[in-house]
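# Observations on chain architecture
Spelled out from the first residue to the last, the chains are:
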Amino acid sequence: MTTNISWTVEPDSSRMRARASIRVQQSVNEQIKCDVPNCEAKRRGISSFCKAHQNAHQDKGHPVLRMPRGEERRWMLAEGERMLEWLREKHGAVNVESWLRAAARRITASPSMAIPPRKIDRRMTQRTRAEIILAYFLHKRRGDPLTIIQLYLAAELYTRRMDKVFGPTVRNGFTNRVVGQMVARWAKVEEEREVYRVSVETMPSWANQEFRRHEDLVKVKDTYKPQTSVYKMLGKMVREILRKELLLSSVREYYDHLFVKGEA
Ligand SMILES: [Zn+2]
């Protein structure tokens, strides 16, 4: 009989030890200052940031940067274009085009993944939801995968220029978030469908008249609003492709060239 319970006791105690060790790590960590320069607050839990900066990191993908909008976004894309021009001069236009095309060919999603937004389920993995967005971009919006590659390279350069403080983990996470959100906007996962709306007249004009029932066909628009983690996953999928094609090292090369010239 005692052998029956022995295996339940062991995992519990090891779980308790694990919890205790996290608590110890937390209390040690919470004595250290937040990683954001000039922030005097103490870190929260096992994060490298204080509560406010950790929240910003989770919501916006970065403790201090935010999504480039309007003018900033145009600047980001224009700088990406300049970078590609420079790379074409340096490595030859034919070579650069073939690298870009090779990466673009790897951006694929099955047309069957473009399912109606109302069928997107919380239990689907982040990668599945990211693939649904990609399928909408490629098949429903007839998007060119090359624009995603160019966007990623521009965003990678943008993050490198804006963030000179944090390590690659924070930087890559932010680039992924920027790219994922922009691709999701281009993909516009939505569907219009017609449904019958039934309404009953509340006040008939005569007391002896029957309540009238109205049925009309109305258009309903279903949309899908992804969470930050899905945006990040979508960007990460593009990053995995670019890393194999070594195009990310071209961004570093261009950045170093700017830095030497003192423009960065
Ligand atoms: Zn802070």
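Residues numbered from 1 in each chain as written. Predicted model: local features only at pLDDT ≥ 70, side-chain atom pairs only at ≥ 80, totals over all residues. Heavy atoms only, no water.

### Points about the domain arrangement of the protein
Each domain of the protein was delimited in the assignment, giving domain 1 (22–60) and domain 2 (67–190 + 223–261). Using C-alpha coordinates to define each centre, domain 1 is positioned 29 Å away from domain 2. Listed per partner, the contact involves eight residues of domain 1 and seven residues of domain 2. In total, domain 1 and domain 2 occlude about 520 Å² of area from one another, counting both sides; carbon and sulfur atoms represent 59% of this. At the junction of domain 1 and domain 2, the tally comes to zero salt bridges. Applying the counting rule to domain 1 against domain 2 returns one residue pair in polar contact (both at pLDDT 80 or more). Looking at the side of domain 1 that touches domain 2 residue by residue, the class counts come to three nonpolar, two polar and three charged. (Domains from an automatic or database assignment. Contact = heavy atoms within 4.5 Å. Buried area = accessible area lost by both parts, 1.4 Å probe. Salt bridge = Lys/Arg side-chain N within 4 Å of Asp/Glu carboxyl O. Polar contact = N/O pair within 3.5 Å; in protein donor to acceptor, adjacent residues only side chain to side chain. Nonpolar A, V, L, I, M, F, W, Y, C, P; charged D, E, K, R; others polar.)

### Observations regarding the coordination of the zinc ion
Note on the zinc ion: its protein donors are Cys-34 (SG), Cys-39 (SG), Cys-50 (SG) and His-53 (ND1). The metal-donor distances range over 2.0 to 2.4 Å. Coordination at the zinc ion is tetrahedral: its four donor atoms span angles of 101 to 114° at the metal. Here the donor residues of the zinc ion share one chain and are spaced in sequence as C-x4-C-x10-C-x2-H. Each member of the pair, Cys-50 as well as His-53, carries the same accessibility label: buried. (Donors = N, O, S within 2.8 Å, 3.2 Å for Na, K, Ca; no water. Tetrahedral: all angles 85-135°; square planar, octahedral: opposite > 155°, others 65-115°. Buried < 20%, exposed > 50% of the residue type's maximum accessible area, 1.4 Å probe, protein only.)

### Overview of the environment of Ala-78
Looking at the secondary structure, you find Ala-78 in helix α3 (residues 70–91). Given the relative accessible area of 41%, Ala-78 is considered partly exposed. Each C-alpha atom, one on Ala-78 and one on Tyr-231, is 23 Å from the other, the two residues being 153 residues apart in sequence. (Helix = DSSP H or I, 4+ residues; strand = E, 2+ residues; numbered from the N terminus.)

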